[in-house]
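# Structure assessment
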Amino acid sequence: MTGEEAQTNGHRIGVYVCHCGTNIAGVVDVEHVSEWAKDALGDRGVVVGKDYKFMCSDLGQELIQKDIEREGLDRVVVAACSPHLHEKTFRNATERGGLNPYLCEMASIREQVSWVHTNKAIATEKAKAMISGAVERVKEHESLEPFRVPIEEATLIVGGGIAGIQSALEIANAGHPVYLVEREPSIGGHMAQFDKTFPTLDCSACILTPRMSEVGVHPNIELLTWSEVEKVEGYVGNFAVTIRKKASYVINEDCTGCGICWQKCPKKVIDDKFEVGLGYRKAIYTPFEQAVPKYPVIDHDNCTYFEKGSCKACEKFCPTEAINFEDEDEVITVNVGNIVLATGYDLFDARRIPQYGYGRLANVFTSLEFERMTNAAGPTDGDIVLRDGVTAPKSVGIVHCVGSRDRNFNNYCSSICCMQSLKFAHLVHERTGAEVFNFYIDIRTPAKEYDEFYQRVLDEGTRFVRGRVAEVTDAARLPGEEGKLIVQVEDTLAGQQRRIPVDMVILSAALEPRTDAYETAKKFGIACSANGWFTEKHPKLDPVATMTEGVFIAGCSTGPKDIPATVSQGSAAAARILSYIEMGELALEPVRATVIAEQCSGCRICNDLCPFNAISYDAETELSEINIALCQGCGTCVAACPAGAITGTGFSNEQVLAQIEGLLMLNVEPQPVAEPA
């Protein structure tokens, strides 16, 4: 068909097929497909059919731009990789050619064709069908314009661990206000509990405390500890966040942090948070000496005054009269443009593996208990001792992957366990001279100077036994096992079962998502993976953004990682937010859902189904309304509406049905089948 005949069809469409090196061309006959598109789909408006080795390259994009100008194209179809990767690339190329960028459609013939087929003939035919569907669909496209929202300058950061601290300082140092919310009385997170950090063996407090102090005095950071987010409303650039500040019963403005109150408090409580059950604290307390802020809080559930109505020792001895037993929770609302979730992780409960004896055998410790034991400010003043608090172990077994790489618990690797266990081995050698056994599945030391640290621990005499530990028991069977913990393990390198008696066992427990991760995700309109970690927009290309614009994630809330990776993500999230703030306003994708008021019955089915909380019910009009700034165009409401009263921009019924017709090749005249030679 000639160009003039195609033009009478109403559209002039260019089809561009990418080789993607051999990713596509190795399975799909790309040259044949591009020729077929021009010949077989000519009466459907296709006037250009070309293939190129890398369509995403500058030369490939220029090819599209020049054809738009030279051939008068009004629609573009690119058959290449996933739209997640290059839709923006080809939209930009289309726009530079003088067309509205939303008049470009992509067909994913890499992920959906070449990567899932081995038969070249079948793959080639499927690629034709997908291009046919894209051609029919693009004819139904409309010119769209992104809509813009202003960006509030302030940022909310949830979680005061090292990821949240890093994000807060990056944004605040750029001159913008930050609200940092932490549910505990002090910021610092898990890093504040550690003694040394691998592989350099830096003192954790030495590198963390200056950052904490900087946050505490920074003029652009409002620190909201002992607080939790209750509700999030709004959209990118304009979030309204409701925060509950729990009653601390201490007037911070009057408190000097002198410590007299907790010195005089007669009530001791087992500290199952910061000291993980190894030490005690008072009913009025700060979690640790370098806590930021310095102000204590009263534990309402354990305070003698709230239990019995008597005592008030802290109030009597406070020199500045900073104790207020009439204090109540305060609810505040802050307006922010962006949010960073850096809520961290929980430690796997080793009691879930009863054969390892934790909670039953006294001298089995978790990794976090051992961290506190080795900390100079910890309950044993840094001495490595058994549960009796006196005896130093002469032999120690360290078990890797407790709750990790285990189909019964967590399939994933927890990332830090190998290096953490090597650090423990070094500390035991350094402080006790004990014999150390590391029981491992595989040693994973992939980062900078990590393998060198492994070699150092080997040179120190640590014994490595390859194999998953089956049991830790105190049932002696052989001479020398009396009074010991026996580690039963299959040594896969030696090819035999071994029973190794030790005085102490340390379990390197898995990192797990916070127990309330799903509730937190729902509150902020984001998703969790099957394992419970917050889901990123793209695991490689956009690891700190989420599908909800303006909500970012960082640190171990996204999955297990070490401190350097956590800090990097905190900075990355801050950088993304700073770019939004500097722009002043953000252009949002116009692919959104819309309610057709005449058809809406107000049944509200869509309200509860929207994963982004973008739909509300207007009691006056008795209709559902969609906040287009919150909507992500996922189509859940479109599919669920029984009255068909919701339409999705960019995914209208006409577009979808046209694409189906094209996929079924109903728009193409049957091609004669060549007779076999």
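Everything quoted here is computed from the prediction, not taken from an experiment.

The rules behind these values
Residues numbered from 1 in each chain as written. Predicted model: local features only at pLDDT ≥ 70, side-chain atom pairs only at ≥ 80, totals over all residues. Heavy atoms only, no water. Patch = residues over 30% accessible without salt bridge, like charges linked within 9 Å, V, L, I, M, F, W, Y side chains within 5 Å. Areas by Shrake-Rupley, 256 points an atom, 1.4 Å probe, with all protein chains shown as cover. Salt bridge = Lys/Arg side-chain N within 4 Å of Asp/Glu carboxyl O. Lys, Arg positive; Asp, Glu negative; His and termini not counted. Charge placed at Lys NZ, Arg CZ, Asp CG, Glu CD. Helix = DSSP H or I, 4+ residues; strand = E, 2+ residues; numbered from the N terminus. Buried < 20%, exposed > 50% of the residue type's maximum accessible area, 1.4 Å probe, protein only. Polar contact = N/O pair within 3.5 Å; in protein donor to acceptor, adjacent residues only side chain to side chain. Contact = heavy atoms within 4.5 Å. Core = buried A, V, L, I, M, F, W, Y, C linked by side-chain atoms within 4.5 Å. Expected span 1.5 Å × (residues − 1). Arc of directions from axis to C-beta. pLDDT = per-residue confidence, 0-100. Axes fitted to C-alpha atoms, helices over the stretch in contact; angles between N-to-C directions. Left-handed = near helix turned anticlockwise from the far one by under 90°. Domains from an automatic or database assignment. Nonpolar A, V, L, I, M, F, W, Y, C, P; charged D, E, K, R; others polar. Phe/Tyr/Trp six-rings, centres within 6.5 Å; stacked < 30°, edge-to-face > 60°. Lys NZ or Arg CZ within 6 Å of the ring centre and 35° of its normal.

## A word on a negative patch on the surface
Together, Glu253, Asp254, Glu315 and Glu321 make up a region of like negative charge exposed at the surface. Mapping Glu315 onto the fold places it in helix 11 (residues 313-317).

## A look at the side chain of Asp74
The residue Asp74 is located in the loop between helix 3 (58-71) and strand 3 (75-80) in this model. Buried charge without a partner: Asp74 forms no salt bridge, and the closest opposite charge is Arg75, 4.2 Å away. Separated by 3.2 Å, the side chains of Asp74 and His11 make a polar contact. Once residues within four sequence positions are removed from consideration, Asp74 is found in contact with Gly10, His11, Arg12, Ile13, Leu99 and Leu103.

## Let's talk about the nonpolar core
Counting residues in each nonpolar core, the largest one holds 43 residues, and the members touching the most others are Val15, Ile109 and Ile131. Looking at this core, the elements with two or more residues in it are strand 1 (13-18), helix 2 (30-40), strand 2 (46-52), helix 3, strand 3, strand 4 (104-108) and helix 6 (120-138). At seven residues, helix 6 tops the list of elements feeding residues into this core. With near-sequence residues (within four places) excluded, Ile131 lies in contact with Val15, Val17, Val33, Ala37, Leu41 and Ala79.

## Here's the deal with helix 8 (residues 204-217)
If you check helix 8, its first and last C-alpha atoms are 21 Å apart, about what 14 residues at 1.5 Å a residue would give, namely 20 Å. Taken as a whole, helix 8 has its buried residues at Ser204, Leu208, Thr209, Met212 and Val215. The arc that holds every buried residue of helix 8, seen down its axis, measures 125°, which confines them to one face. The exposed set on the far side of helix 8, more than 90 degrees from its buried face, consists of Cys206 and Val217. Among the structural elements, helix 7 (162-173), strand 7 (178-182), strand 8 (196-197), strand 9 (202-203) and strand 10 (221-225) are those in contact with the buried residues of helix 8.

## Some remarks on the confidence of the model for the protein
Caution applies to low-pLDDT regions: their predicted coordinates should not be interpreted in detail. Per-chain confidence: the protein averages 93 in pLDDT, with 97% of residues scoring 70 or above. Throughout residues 1-8 the model reports pLDDT below 50, and contacts reaching past four residues in sequence, or to other chains, amount to nine contacts. The low-confidence segment residues 673-677 (pLDDT under 50) makes zero contacts with residues lying over four places distant or belonging to another chain.

## Describing the packing of helix 13 (residues 417-432) against helix 14 (residues 450-459)
The interhelical angle for the contact between helix 13 and helix 14, taken along N-to-C directions, is 35°, at an axis separation of 10 Å. The two elements helix 13 and helix 14 meet at a crossing, and its hand is left-handed. Every residue of helix 14 that contacts helix 13 at Met419, Leu422, Lys423, Ala425 and His426 is listed here: Tyr450, Phe453, Tyr454, Arg456 and Val457.

## Section: the domain arrangement of the protein
Here the protein is partitioned into domain 1 (2-144 + 659-664), domain 2 (155-343 + 552-583), domain 3 (345-512) and domain 4 (593-649). Taking the mean C-alpha position of each, domain 2 and domain 3 sit 31 Å from one another. Where domain 2 packs against domain 3, one counts two salt bridges. Applying the counting criterion to the domain 2 and domain 3 interface returns seven residue pairs in polar contact (both at pLDDT 80 or more). When its residues are assigned to classes, the side of domain 2 that touches domain 3 shows eleven nonpolar, six polar and five charged.

## What to know about the environment of Cys528
By secondary structure assignment, the location of Cys528 is in the loop between helix 15 (517-524) and strand 29 (551-553). Given a relative accessible area of 19%, Cys528 falls into the buried group. Note: C-alpha distance between Cys528 and Thr558 (30 residues apart in sequence) is 8.8 Å. Setting aside its immediate chain neighbours within four residues, Cys528 contacts Ala517, Tyr518, Ala521, Trp533, Phe534 and Thr535.

## So, the packing of aromatic side chains
In the structure shown here, the tally under the stated rule is 13 aromatic pairs. Ring centres of Phe198 and Tyr450 lie 5.6 Å apart, and the angle between their planes is 80°; this geometry places the pair in the edge-to-face category. Pair noted here: Phe198 is in the loop between strand 8 and strand 9 and Tyr450 is in helix 14, with a separation of 252 residues, a long-range link. Exposure class is identical for Phe198 and Tyr450. Each is buried. For the pair Phe348 and Phe409, a centre-to-centre distance of 5.3 Å together with 70° between the ring planes defines the contact as edge-to-face. Pair noted here: Phe348 is in the loop between strand 19 (345-347) and strand 20 (364-366) and Phe409 is in the loop between strand 21 (395-402) and helix 13, with a separation of 61 residues, a long-range link. Since its relative accessible area comes to 25%, Phe409 is described here as partly exposed. Positioned over the ring face of Tyr280 is Lys268, at 5.9 Å from the centre of the ring. Arg604 extends its terminal NZ or CZ atom over the ring of Tyr617, reaching a point 3.7 Å from the ring centre.

## Some words on unusual backbone geometry
Trans is the common state for peptide bonds, and a negative phi is the common state for residues other than glycine. A cis amide bond, omega -5°, links Phe198 with the succeeding residue Pro199. Considering the arrangement of structural elements, one finds Pro199 in the loop between strand 8 and strand 9. A cis geometry characterises the amide bond from Val292 onward to Pro293, with omega recorded as 5°. Looking at the secondary structure, you find Pro293 in the loop between strand 15 (284-285) and strand 16 (297-298). For Cys20, which is not glycine, the phi dihedral falls at a positive 50°. Relative to the assigned elements, Cys20 resides in the loop between strand 1 and helix 2. Residue classification places Cys20 among the buried positions, given a relative accessible area of 14%. In this structure, Asp381 takes a positive phi of about 60° despite not being glycine. Turning to its location among the elements, Asp381 is positioned in the loop between helix 12 (367-374) and strand 21. With relative accessibility at 59%, the residue Asp381 sits in the exposed group.

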